[in-house]
Amino acid sequence: MAGEKLLIVEDERALLKILRYNLEREGYKVAEASDGAAALAAAKKEKPDLVLLDVMLPGLSGFEVCKALRREGEVPVIFLTARKEELDRVLGLELGADDYITKPFSVRELLARVKAVLKRTSAPKSAGPRRFGTLAVDFERYETRLGAKLIELTPAELKLLKVLVDADGKALSRDAVMERLYGPERSYELDARSVDQLVARLREKLGGEAARLVTVKNVGYRFRADP
Ligand code: CA
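Residues numbered from 1 in each chain as written. Predicted model: local features only at pLDDT ≥ 70, side-chain atom pairs only at ≥ 80, totals over all residues. Heavy atoms only, no water.

What's the story with the pattern of salt bridges in this structure? I'm lost.
Oppositely charged side chains can pair when the atoms bearing their charge come close. The full count for this structure, using the stated rule, is 19 salt bridges. Across the pair Arg141 and Asp138 runs a salt bridge whose closest N-O atoms are separated by 3.8 Å. Overall, Arg141 belongs to the partly exposed group, its relative accessible area being 43%. When its relative accessible area of 5% is taken as the criterion, Asp138 is described as buried. Where Arg145 meets Glu143, a salt bridge forms, and the shortest distance between an N and an O atom there is 3.6 Å. Several salt bridges share partner residues, and in doing so they unite Glu10, Glu12, Asp54 and Lys103 into one network. (Salt bridge = Lys/Arg side-chain N within 4 Å of Asp/Glu carboxyl O. Buried < 20%, exposed > 50% of the residue type's maximum accessible area, 1.4 Å probe, protein only.)

Explanation requested: the layout of surface pockets in the structure shown.
Empty space among the atoms can be located by rolling a probe the size of a water molecule over them. In this model, the largest pocket occupies a volume close to 280 Å³. In this structure, the largest pocket is lined by Leu40, Ala43, Lys44, Lys47, Pro48, Ala68, Leu69, Arg71, Glu72, Gly73, Glu74 and Val75. Every element with two or more residues in the lining of the largest pocket is listed here: helix H2 (36-46) and helix H3 (62-72). Looking at the lining of the largest pocket element by element, the count peaks at four residues for H3. Here the residues of the lining of the largest pocket sort into six nonpolar, one polar and five charged. (1 Å grid on protein atoms, 1.4 Å probe; cavity = no way out; pocket = protein on both sides within 12 Å on 5 of 7 lines; lining within 4 Å. Points joined across faces, edges and corners; volume = space filled by probe spheres on them. Helix = DSSP H or I, 4+ residues; strand = E, 2+ residues; numbered from the N terminus. Nonpolar A, V, L, I, M, F, W, Y, C, P; charged D, E, K, R; others polar.)

Is there a simple way to think about the pairing of strand E3 (residues 50-54) in this case?
A regular strand carries its side chains on alternate faces of the sheet. Burial runs high along E3: five of the five residues are buried. A two-sided burial pattern is seen for E3, the buried positions comprising Leu50, Leu52 and Asp54 on one face and Val51 and Leu53 on the other. Bridge count for strand E1 (residues 5-9) against E3 is four bridges, and the pairing is parallel. Note on E3: the bridge partner recorded for Val9 is Leu53. In the sheet, E3 pairs with strand E4 (residues 77-81) via four bridges, with the strands oriented parallel. Bridge pairing in E4 places Val51 opposite Val77. (Pairing = 2+ DSSP bridges.)

Explain the side chain of Asp54 to me, please; I cannot follow it from the model alone.
Following the sequence through the fold, Asp54 ends up in strand E3. Owing to a relative accessible area of 2%, Asp54 belongs among the buried residues under this scheme. When residues no more than four places from it in sequence are discounted, the contact partners of Asp54 are Val9, Glu10, Asp11, Gly62, Leu80 and Lys103. (Contact = heavy atoms within 4.5 Å.)

Sorry if this is basic, but what is going on with the sheet that holds strand E5 (residues 99-102) here?
Backbone hydrogen bonds are what pair the strands of a sheet, in a parallel or an antiparallel way. Strand order across the open sheet formed by five strands is E2-E1-E3-E4-E5, with parallel pairing between neighbours. In this open sheet, the two edge strands, each paired with only one partner strand, are strand E2 (29-33) and E5. Each strand axis lies, on average, 20 degrees off the axis of its neighbour in the sheet, ignoring direction. As judged from the four bridges shared by E4 and E5, these two strands associate in the parallel manner. Of the residues in E5, the one forming a bridge with Ile78 is Asp99. Relative to E2, helix H1 (residues 13-25) is tilted by about 165 degrees, and along the sheet it contacts E1, E2, E3 and E4. The strands touched by H3 are E3 and E4; relative to E4, the strand with the most contacts, the crossing angle is about 175 degrees. (Axes fitted to C-alpha atoms, helices over the stretch in contact; angles between N-to-C directions.)

Please clarify how the sheet that holds strand E12 (residues 220-223) should be interpreted in this entry.
Within the open sheet, the three strands sit side by side as E10-E12-E11. Their pairing is antiparallel. Edge positions in the sheet fall to strand E10 (172-173) and strand E11 (213-216), since each has one partner strand and no second. Of the pairings in the sheet, the one linking E11 to E12 comprises four bridges and is antiparallel in character. From the neighbouring strand, Thr215 faces E12, where its bridge partner is Tyr221. Running over the sheet, helix H8 (residues 192-206) touches E11 and E12 and is turned about 145 degrees from E11.

I tried to follow the coordination of the calcium ion on my own but got confused; where do I start?
By definition of the ideal shapes, four donors in a tetrahedron about a metal sit 109.5 degrees apart, and six donors in an octahedron sit 90 or 180 degrees apart. Binding of the calcium ion to the protein goes through Asp11 (OD), Asp54 (OD) and Met56 (O), at separations of 2.1 to 2.3 Å. Positions of the donor residues of the calcium ion, expressed as sequence spacing, correspond to D-x42-D-x1-M. Pair noted here: Asp11 is in the loop between E1 and H1 and Asp54 is in strand E3, with a separation of 43 residues, a long-range link. By relative accessible area, which is 31% here, Asp11 ends up partly exposed. (Donors = N, O, S within 2.8 Å, 3.2 Å for Na, K, Ca; no water.)

Spelled out as structure tokens, the structure:
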């Protein structure tokens, strides 16, 4: 859907003009900058939904602009590159660009890239992490943190954590945990002991928050959300 705001960063006036004309015709709002410093100022002020970023700019290069944008947030960036060496650098550096297009390009091709990147990046964001004390778990992004520290959980450990968290404080038997982890088709060779082992490994990784995984005697486990 058009209506999004694009920031074009390009020092070739003629190209800038063509881009602006065509993007506006498609219904996008357009802001422009013709050097790196102006680009950063405009990004701050205009809060664009996407940045089209020329690599060779007077002053700060497109690479430096991209790095600075990345420090500020997650605005998608499409690089406009003129030469093979620039393209090599775009691909070689971990700049976090969302796409690139090499000059000369057709307007139609550019519009297609813009549309695709906007579609991809405007997908609903993750609901965000669930927080329990110093523990923050983002089940959609597979990201778990203790305080600021990222901790590595295996898929099984993360799934176990999700099963217990989703039970909303209720205790689950080992069997119920197994079924939720592996489905009704689960192999019965995996016995209750493997749940215990998984819980033990997860507790070890949760450090100071390990006590949230409560053993319920003769039943199984539950997750304690409150402190
Ligand atoms: Ca240029």
